[in-house]
Amino acid sequence: MTEEVAVLGAGMHPWGKWGRSFIEYGVAAAQVALADAGLDWRDIGSIIGADTVRGGYPGYVAGATFAKALGWQGARVTSVYAACASGAQAVDTARAQILSGLADAVLVVGADAAPKGFFRPAGGDRPDDPDWLRFRILGATNPVYFGLYARRRMALHGDTTDDFAQVKVKNAAMGALNPKARYRSPVTAEQVAASAVVADPLRLLDICATSDGGAAVVLSSMEFARRHGHAEPVRIRAVSTVTPRYPSTVLDLPDIATDSAVAVDPPGETFRGSIARAAYEEAGAGPEDLSLAEVYDLSTALELQWYEDLGLCGEGEGAKLLRDGATALGGRIPVNVSGGLASFGEAVPAQAIAQVCELAWQLRGDAGARQVAGARVGISANQGLFGHGSAVIAVR
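Report on the accompanying structure. (Residues numbered from 1 in each chain as written. Predicted model: local features only at pLDDT ≥ 70, side-chain atom pairs only at ≥ 80, totals over all residues. Heavy atoms only, no water.)

Looking at the overall build of the chain
Reasoning step 1: A count of helices and strands for the chain gives 13 helices and 13 strands.
Reasoning step 2: In summary, the chain has a C-alpha radius of gyration of 20 Å against a globular reference of 21 Å for 396 residues, a match within 12%.
Reasoning step 3: Referenced to the eigenvectors of the C-alpha coordinate spread, the extents of the chain come out at roughly 55 × 50 × 45 Å.
Reasoning step 4: Relative to its full complement of 396 residues, the chain shows a buried share of 57%.
Reasoning step 5: In the chain, 74% of the contacts between residues at least 6 apart in sequence involve partners at least 24 apart.
Reasoning step 6: In the structure as shown, the chain presents an accessible area of about 15,200 Å², 53% of it carried by carbon and sulfur atoms.
Reasoning step 7: On the chain, the mean spot of the 35 positive side-chain charges and the mean spot of the 43 negative ones are 5 Å from each other. (Helix = DSSP H or I, 4+ residues; strand = E, 2+ residues; numbered from the N terminus. Rg over C-alpha atoms; globule rule 2.2 N^0.38 Å. Buried < 20%, exposed > 50% of the residue type's maximum accessible area, 1.4 Å probe, protein only. Contact = heavy atoms within 4.5 Å. Areas by Shrake-Rupley, 256 points an atom, 1.4 Å probe, with all protein chains shown as cover. Lys, Arg positive; Asp, Glu negative; His and termini not counted. Charge placed at Lys NZ, Arg CZ, Asp CG, Glu CD.)

So, the environment of Ser-100
Reasoning step 1: With respect to the element layout, Ser-100 can be found in helix H3 (residues 86–100).
Reasoning step 2: Expressed as a C-alpha distance, the spacing of Ser-100 and Gly-286, which sit 186 residues apart in the sequence, is 27 Å.
Reasoning step 3: Polar side-chain contacts of Ser-100 include one of 2.9 Å to the backbone oxygen of Ala-96. (Polar contact = N/O pair within 3.5 Å; in protein donor to acceptor, adjacent residues only side chain to side chain.)

Observations regarding the pattern of salt bridges
Reasoning step 1: For the structure on display, the rule yields 21 salt bridges.
Reasoning step 2: Arg-153 is paired through a salt bridge with Glu-308; the nearest N and O atoms lie 2.6 Å apart. Taken together, the residues Arg-153 in helix H5 (residues 142–157) and Glu-308 in helix H10 (residues 300–309) connect sequence positions 155 residues apart. Comparing Arg-153 with Glu-308, the two get one shared label, buried.
Reasoning step 3: Close ionic contact of Arg-370 with Glu-358 constitutes a salt bridge, the shortest N to O distance being 3.0 Å. One end of the pair, Arg-370, is in the loop between helix H13 (348–364) and strand E12 (377–384); the other, Glu-358, is in helix H13, with twelve residues separating them in the sequence.
Reasoning step 4: Judged by relative accessible area, Arg-370 falls into the buried class, the value being 6%.
Reasoning step 5: Assessed through its relative accessible area of 2%, Glu-358 is described here as buried.
Reasoning step 6: Three or more residues are tied together by salt bridges with common partners; here these are Glu-4, Arg-235 and Arg-237. (Salt bridge = Lys/Arg side-chain N within 4 Å of Asp/Glu carboxyl O.)

What about the layout of surface pockets?
Reasoning step 1: Taken as a whole, the largest pocket spans an internal volume of roughly 1,000 Å³.
Reasoning step 2: If you trace the largest pocket, you find 42 residues lining it, with Val-250, Asp-252, Thr-270, Phe-271 and Arg-272 closest to the centre.
Reasoning step 3: Among the elements that take part in the lining of the largest pocket, H5 stands out by supplying six residues, more than any other.
Reasoning step 4: The class makeup of the residues in the lining of the largest pocket is 19 nonpolar, twelve polar and eleven charged.
Reasoning step 5: Empty space within the second largest pocket amounts to approximately 290 Å³.
Reasoning step 6: Forming the walls of the second largest pocket are 17 residues, and the residues nearest its centre are Gly-117, Phe-118, Ile-207, Cys-208 and Ala-209.
Reasoning step 7: Considering each element in turn, the lining of the second largest pocket owes the most residues, three residues, to H5. (1 Å grid on protein atoms, 1.4 Å probe; cavity = no way out; pocket = protein on both sides within 12 Å on 5 of 7 lines; lining within 4 Å. Points joined across faces, edges and corners; volume = space filled by probe spheres on them. Nonpolar A, V, L, I, M, F, W, Y, C, P; charged D, E, K, R; others polar.)

What to know about unusual backbone geometry
Reasoning step 1: Cis geometry is adopted by the peptide bond preceding Pro-201, which originates at Asp-200 and carries an omega value of 15 degrees.
Reasoning step 2: Mapped onto the elements of the fold, Pro-201 is located in the loop between strand E7 (197–199) and strand E8 (202–203).
Reasoning step 3: In the Ramachandran plot, Ala-83 falls in the positive-phi region, its phi being about 55 degrees despite a non-glycine side chain.
Reasoning step 4: Looking at the element boundaries, Ala-83 is found in the loop between strand E5 (76–80) and H3.
Reasoning step 5: Note on Ala-83: relative accessible area 6%, which makes it buried.
Reasoning step 6: Backbone geometry places Phe-386, a non-glycine residue, at a positive phi of 70 degrees.
Reasoning step 7: As for its position among the elements, Phe-386 is in the loop between E12 and strand E13 (388–395).
Reasoning step 8: Residue class for Phe-386 comes out partly exposed when judged on its relative accessible area of 39%.

Thoughts on the packing of aromatic side chains
Reasoning step 1: Counted according to the given criterion, the structure contains four aromatic pairs.
Reasoning step 2: Pairing Phe-22 with Phe-66 gives two aromatic rings, centres 5.8 Å apart and planes at 75 degrees, and the pair type is edge-to-face. Placement of the pair is Phe-22 in helix H1 (residues 22–37) and Phe-66 in helix H2 (residues 62–70), with a sequence separation of 44 residues. We note that Phe-22, like Phe-66, is buried.
Reasoning step 3: Measuring from ring centre to ring centre gives 5.2 Å for Tyr-145 and Phe-146, while their planes differ by 75 degrees; the resulting arrangement is edge-to-face.
Reasoning step 4: Exposure remark for Tyr-145: the relative accessible area of 7% places this residue in the buried category.
Reasoning step 5: One aromatic cluster is present, built from ring pairs that chain together Tyr-145, Phe-146 and Tyr-149.
Reasoning step 6: Here Arg-272 stacks its cationic end above the ring of Tyr-149, 5.3 Å away from the centre of that ring.
Reasoning step 7: Between the NZ or CZ atom of Arg-272 and the centre of the ring of Trp-306, over which it lies, the distance is 5.8 Å. (Phe/Tyr/Trp six-rings, centres within 6.5 Å; stacked < 30°, edge-to-face > 60°. Lys NZ or Arg CZ within 6 Å of the ring centre and 35° of its normal.)

What follows is the structure, given as structure tokens:
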């Protein structure tokens, strides 16, 4: 088990479409996190920025950008890009610096001002880029492969469009309790069914939006935490950033082909399942120990898949877990009590950090009306394109 690091502070800029610079969102989130930690920016020995993207590709060197905006003070700086897993990679980099003794306290920041509509590749021809290929050759925008995931679940497990709609109903109800969320109105299954079809069988309300927003956390060594008055802080016990295993025999866009399994047997678990397993092994914990989970609900169907990938239920049992109320607030294992991407939308560099913020608030008992009673262990999970795993386990 890896040594723990403390989460001293968490901060967010509200999600929305504000029409301002990502720098403003990141600095606002950082200042809230620093105040939450009871620290001054000059107390920070290192800043890790999750790179802001433009058109799905890295566009700004975020670490130095945020350091300059906060005021040059000589801190070590790093910028990280891993698509939707950028925030978890940034947290992992901060943890490595702390445990290696390079810094006692590290500020992790991610923010974006996302384009309207769905993400798409930047201009130019890149025939060796799988993301470019799936857009230009297949015409497969992000909602297309969300829809393919949904169709696969319907074919294999008997999930229905009403099951998908109930994920939105659940997350909207919890997002309505979150002052940082973009969408704060309850939604009914009838409203989901009445929304426009985007990628059959998914409708507009089944799919997350693109958003502006920012999130930040302050991490430190346990000794630094105690020295600054944090006797029992939330701790990060594990960070999983694993890659897939060869051969991959299930089509998973943006890759538009699978590997042959003639010479080598396929791995015994999916890529997303391996992300969770690595986190559990490092933490010395399992799904039975969890109080809550924050997962990457790009679409309602994908949230159901995460239930199974995290081991919250058996294969094909995700919809049943939802129907039984286990993943709602007050259920056995609440999922996306923040409201999830359904309520926030995607601000790519910030979203994995925002998940850690929610874990910290829940484990401290500071989540207000959406508080999970007695929360002690939480996991966040998402997946970045191009094979970036992302999961964080935090404990109190």
